[in-house]
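Report on the structure
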Amino acid sequence: ASEKELKELFIDDARLTQFAFPKVCPLCLLELEVCYKSWDIALNVVCPKHDVCLVNKCSNCNRQLSWLRPGISKCQCGFNFKSAKPQSIDSKNSEIWRLIYNKLSLGNYRLMNQSHNPLSQCTFSELIEIVMVVTAQRNKRYQRHGIKFVTTSNVEDCSRDLIQSYNTFNFFPQNYFQFLDEVVF
């Protein structure tokens with residue numbers, strides 16, 4: 001996707017971005033002290049390069065990260081995010097974020113379950129809509145007149161929910177049929 005397409009995508013669909021509460025990958029900050037645009041994607045709660053949850057709260061003062069801070073890697077309390085200990089994610093569970101990055105041309109990550117998950121064949125928009133619907137159904141946040149994905153302030157919970165929704169389509173159609181059996185309409 002071109003930068004113009006990304007800007008249009010982000011501006012036109014507020015569900016896909018979360019600018020109010022920034023997230024960072026402490027391991028990326030150790031390598032290069034920059035903030036990546038991809039961290040502002042609401043559904044992006046894992047760094048596919050390092051297989052860790054992005055950090056959205058200071059582990060020292062427990063405040064939500066803010067853009068109003070002394071530096072890219074510094075909290076208002078002085079804590080350096082480079083020393084944060086992010087939660088590791090099993091690499092097989094990082095698949096959804098690798099796929100998202102690949103769809104947006106933000107990386108070229110190897111997908112492990114491509115042949116067993118039909119979501120790998122979807123466009124970015126289709127992927128997001130499907131994952132949002134399944135996540136909403138699993139968490140009973142489906143609205144009849146539209147889908148609103150509620151991102152939690154806890155990236156670990158969000159990560160778990162999205163991994164579970166993505167894995168619904170692994171080894172298709174068996175896992176999907178099991179999901180349908182579990183859903184109560």
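Keep in mind that this is a model prediction, so the values were computed, not measured. (Residues numbered from 1 in each chain as written. Predicted model: local features only at pLDDT ≥ 70, side-chain atom pairs only at ≥ 80, totals over all residues. Heavy atoms only, no water.)

**Some points on the nonpolar core**
- Core analysis: the biggest nonpolar cluster contains 28 residues, and Ile-96, Trp-97, Ile-100, Leu-119, Leu-127 and Leu-162 have the highest contact counts within it.
- Of all the secondary structure elements, the ones that give two or more residues to this core are helix H3 (95-103), helix H4 (124-138) and helix H5 (155-167).
- Among the elements that line this core, the one with the most residues is H4, at six residues.
- Sequence-distant contacts of Leu-127, defined by excluding residues within four places in its chain, comprise Leu-99, Ile-100, Lys-103, Leu-119 and Cys-122.
- Ranked by size, the runner-up nonpolar core spans 16 residues in total, among them Cys-28, Trp-39, Leu-65 and Phe-81. (Core = buried A, V, L, I, M, F, W, Y, C linked by side-chain atoms within 4.5 Å. Buried < 20%, exposed > 50% of the residue type's maximum accessible area, 1.4 Å probe, protein only. Helix = DSSP H or I, 4+ residues; strand = E, 2+ residues; numbered from the N terminus. Contact = heavy atoms within 4.5 Å.)

**Things to note about the confidence of the model for the protein**
- In this model, the protein carries a mean pLDDT of 80, and residues with pLDDT of at least 70 account for 81%.
- Mean pLDDT per element in the protein: strand S4 (residues 146-147) is the minimum at 43, and helix H2 (residues 26-31) is the maximum at 96.
- For the stretch residues 5-12, pLDDT sits under 50, and the model shows eleven contacts to residues farther than four places along the chain or on other chains.
- Confidence drops under a pLDDT of 50 for residues 142-152, and excluding neighbours within four residues, the segment shows 19 contacts in the predicted structure. (pLDDT = per-residue confidence, 0-100.)

**A word on unusual backbone geometry**
- In this structure, Pro-173 follows Phe-172 across a cis peptide bond, with omega equal to 10 degrees.
- Positive phi, close to 65 degrees, is recorded for Asn-62, a residue that is not glycine.
- With respect to the secondary-structure elements, Asn-62 resides in the loop between strand S2 (52-53) and H3.

**Concerning the packing of aromatic side chains**
- In this structure the tally under the stated criterion is eight aromatic pairs.
- By way of ring pairs, the aromatic residues Phe-169, Phe-172, Tyr-176, Phe-177 and Phe-179 are connected into one cluster. (Phe/Tyr/Trp six-rings, centres within 6.5 Å; stacked < 30°, edge-to-face > 60°.)

**Examining the side chain of Asn-117**
- Looking at where Asn-117 falls in the secondary structure, it is placed in the loop between H3 and H4.
- At 2.7 Å, the side chain of Asn-117 forms a polar contact with the side chain of Asn-170.
- Contacts of Asn-117, omitting those with residues within four sequence positions, involve Tyr-166, Phe-169 and Asn-170. (Polar contact = N/O pair within 3.5 Å; in protein donor to acceptor, adjacent residues only side chain to side chain.)

**Looking at H5**
- Between its first and last C-alpha atoms H5 spans 18 Å; for 13 residues at 1.5 Å apiece the expected length is 18 Å, and the two agree.
- Restricting attention to buried positions, one finds in H5 the residues Val-155, Cys-158, Ser-159, Asp-161, Leu-162, Ile-163, Ser-165 and Tyr-166.
- Next to the buried residues of H5 lie strand S1 (46-47), S2, H3 and H4. (Expected span 1.5 Å × (residues − 1).)

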